[in-house]
Amino acid sequence: MSQTFQNIKGTFDILPDPYTDDGGTRIAPSAEWRYVEATVRDVMARYNFDEIRTPILEPTALVARGVGEATDIVQKEMFAFERSDTQYVLRPEITAPVVRSYLQHHLDQRGGVQKLFYIGPCFRAEQPQKGRYRQFHQFGVEVLGTDDARADAETVAVMMAIYDELGIKDTRLRMNTLGTPDRREEYVHALREYLEPYADELSETSRRRLKRNPLRVLDTKLDHEQAILQDAPQLIDYVSDESRAHYDRVQRFLADLGVSYVEDPHLVRGLDYYTETTFELESPDLGAQSALAGGGRYDRLAEVLGSEEPVPAIGFAAGMERLFLALDAAEAERPGLPAPDVFIAALGEEAEQWVFRTTQELRAAGLHVALDLKGRSLKAQMREANRQEADYTLIIGGNELEAEEATVKEMESGEQEDVPFAELSTVLLDKCRTEHE
Ligand code: AMP
């Protein structure tokens, strides 16, 4: 019995044409992925970021330490395995790998601040749903080697510029400062004292968080818990004067750049190596998975990963799949599927040979040329030319070979022009260049 296969749950194929997956989500075609990736690269270049590419496979211990033992990712979402005594993990995010690479290759010795960007797949064993996959794609930046507030503002600015460039305007940027770990500890203490009398009113999740990591109670989406939190102590009242001054500078630079945001005192991250500025970009169009991107300072991470010196740094990470959902919601302009400049149909064996050879010449000249590879009838070939939406078609048969001249037909207008074989590539290039302008 023959058996075919399906892709793994929580992963998806990117095809030449768009399609709708089982959950009703439109999966963009490869041309749109290329367009979005090219836009990301273009904006990154304008903001003077260099690309870094790290392996998909990383040591499990790097992720355990870099992402944090206590996180959901490390506790239950890693695709990790052992082989010949080596522990591998499919990277669930790209910040820890970039910091590993920075330390390993002494990138600080390149001089100045390292401004790095990445694009690539990540893996988390989460419950798949709309906007949540097991293999998904992130792009992001890491700015390493500076604690200057301008680095924070520039990180936020480059992120916003990408969505802006793609026509995604309906977003909400939330910002907060986490201060330094010592002050945060005092705050956590105060928050716990405030929340404990309400413990019976909290959900089971929040009660558990109250015990293990009270900061995460602030993440709650439940109305009655948010009401309880209304009068809770605020982190901003606990941060040091230096942290406050840093945050004020970040805000001034963002104002200079015209970036708008709302301050959200409940936006927090649980791990100690996160410091100072933190932010999240949301889209109202994404439903439950509303986060398009998130980021912040992580001035202590390099030390957690073994560096003797602190490496102050800030970055953001954004999800591609959610960006596509936002693109759809915004009905933002995207390039169409790439269509051939020319389709050359052949009639008869001699013509097939000529077409095969000429196709090669035209392609070498820079044209996007399609031809039949199945020996189909002329009618079927023309149907194919239409399906592929070729701009021009040529039909080559015995008469054309004899006259050494082809009729070039513009498909949209139906206009025809006889062109000598010797001038074919020049004329076609000329026509197609005008077409693309
Ligand atoms: P994080 O590394 O968890 O801060 O995630 C950064 C961004 O990646 C999020 O804002 C999402 O846009 C995206 N993301 C995270 N996890 C997933 C997932 N499982 N599927 C799709 N996108 C994700």
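What counts, and where the lines are drawn
Residues numbered from 1 in each chain as written. Predicted model: local features only at pLDDT ≥ 70, side-chain atom pairs only at ≥ 80, totals over all residues. Heavy atoms only, no water. Salt bridge = Lys/Arg side-chain N within 4 Å of Asp/Glu carboxyl O. Helix = DSSP H or I, 4+ residues; strand = E, 2+ residues; numbered from the N terminus. Buried < 20%, exposed > 50% of the residue type's maximum accessible area, 1.4 Å probe, protein only. Axes fitted to C-alpha atoms, helices over the stretch in contact; angles between N-to-C directions. Parallel < 35°, antiparallel > 145°, perpendicular 65-115°, else oblique. Left-handed = near helix turned anticlockwise from the far one by under 90°. Contact = heavy atoms within 4.5 Å. Nonpolar A, V, L, I, M, F, W, Y, C, P; charged D, E, K, R; others polar. Domains from an automatic or database assignment. Near = heavy atom within 4 Å. Polar contact = N/O pair within 3.5 Å; in protein donor to acceptor, adjacent residues only side chain to side chain. Areas by Shrake-Rupley, 256 points an atom, 1.4 Å probe, with all protein chains shown as cover. Core = buried A, V, L, I, M, F, W, Y, C linked by side-chain atoms within 4.5 Å. Phe/Tyr/Trp six-rings, centres within 6.5 Å; stacked < 30°, edge-to-face > 60°.

(A) Highlighting the pattern of salt bridges. This structure, assessed with the given rule, holds 25 salt bridges. Across the pair Lys115 and Glu154 runs a salt bridge whose closest N-O atoms are separated by 2.7 Å. Here Lys115 is found in strand β7 (residues 114-123), whereas its partner Glu154 is found in helix α5 (residues 149-165), with 39 residues between them in sequence. Classification of Lys115 by relative accessible area gives buried; the value is 15%. Between Asp264 and Arg174 there is a salt bridge whose closest N-O contact spans 2.3 Å. In this pair, Asp264 is assigned in the loop between β10 (262-263) and β11 (275-282) and Arg174 in strand β9 (residues 172-177), connecting sequence segments 90 residues apart. For Asp264, a relative accessible area of 15% translates into the label buried. Since its relative accessible area comes to 11%, Arg174 is described here as buried.

(B) Spatial organisation of the packing of helix α1 (residues 30-46) against α5. At a minimum axis separation of 10 Å, α1 and α5 run at an interaxial angle of 140°. Relative to α5, the element α1 lies oblique. As for the relative orientation of α1 and α5, their crossing is right-handed in sense. Counted together, Thr39, Val40, Val43, Met44 and Arg46 of α1 and Val158, Ala161, Ile162 and Glu165 of α5 form the full contact between these two elements. Each residue belonging to the contact of α1 with α5 can be placed in one class, and the counts come to six nonpolar, one polar and two charged.

(C) Spotlight on the domain arrangement of the protein. Taken domain by domain, the protein comprises domain 1 (19-180 + 239-330) and domain 2 (342-429). On a C-alpha basis, the centroid separation for the pair domain 1 and domain 2 is 48 Å.

(D) Fine view of the site of the ligand. As a structural note, the neighbourhood of the ligand is formed by 13 residues, with Arg124, Glu126, Tyr133, Ala291 and Leu292 the closest of them. Glu126 places a polar side-chain atom, nitrogen or oxygen, 2.5 Å from a nitrogen atom of the ligand. The contact in question runs from an oxygen atom of the ligand to an N or O atom on the side chain of Gln138, over 3.1 Å. In isolation the ligand has 480 Å² of accessible area, and contact with the protein removes 85% of it. Residue assignment for the shell around the ligand shows that the elements contributing at least two residues are β8 (135-144), β12 (291-297) and β13 (313-319). Looking at the shell around the ligand, the element that brings in the most residues is β12, giving three residues. Among the residues making up the shell around the ligand, the classes are represented as six nonpolar, three polar and four charged.

(E) Region of the structure containing the packing of α5 against helix α9 (residues 241-256). Running from N to C, α5 and α9 point in directions that differ by 45°, and their axes come no closer than 8 Å. Between α5 and α9, the interaxial angle falls into the category oblique. Between α5 and α9 the crossing geometry is right-handed. Contacts between α5 and α9 pair Ala149, Arg150, Asp152, Ala153 and Val156 from the former with His246, Arg249, Val250, Phe253 and Leu254 from the latter.

(F) Here's a closer look at the nonpolar core. Core analysis: the biggest nonpolar cluster contains 89 residues, and Met44, Phe139, Leu144, Met159, Tyr163, Leu173 and Phe316 have the highest contact counts within it. It is α5 that contributes the most residues to this core, 10 residues altogether. Sequence-distant contacts of Met44, that is, excluding residues within four places in its chain, are made with Phe49, Phe117, Phe139, Gly140, Val141, Val158, Ile162 and Phe316. Of all hydrophobic cores here, the second largest spans 23 residues; its members include Leu362, Leu371, Val419 and Val427.

(G) Fine view of the packing of aromatic side chains. Taken as a whole and assessed by the stated rule, the structure comprises 10 aromatic pairs. Ring geometry for Phe12 and Trp33: centres 6.1 Å apart, planes at 40°, overall tilted. Of this pair, Phe12 sits in the segment before β1 (19-20) while Trp33 sits in helix α1; the two residues are 21 residues apart in sequence, bridging distant segments of the chain. Pairing Tyr187 with Tyr238 gives two aromatic rings, centres 5.4 Å apart and planes at 65°, and the pair type is edge-to-face. On the criterion of sequence distance, the pair formed by Tyr187 in helix α6 (residues 181-195) and Tyr238 in the loop between α8 (223-229) and α9 is long-range, its members being 51 residues apart. For Tyr187, a relative accessible area of 1% translates into the label buried.

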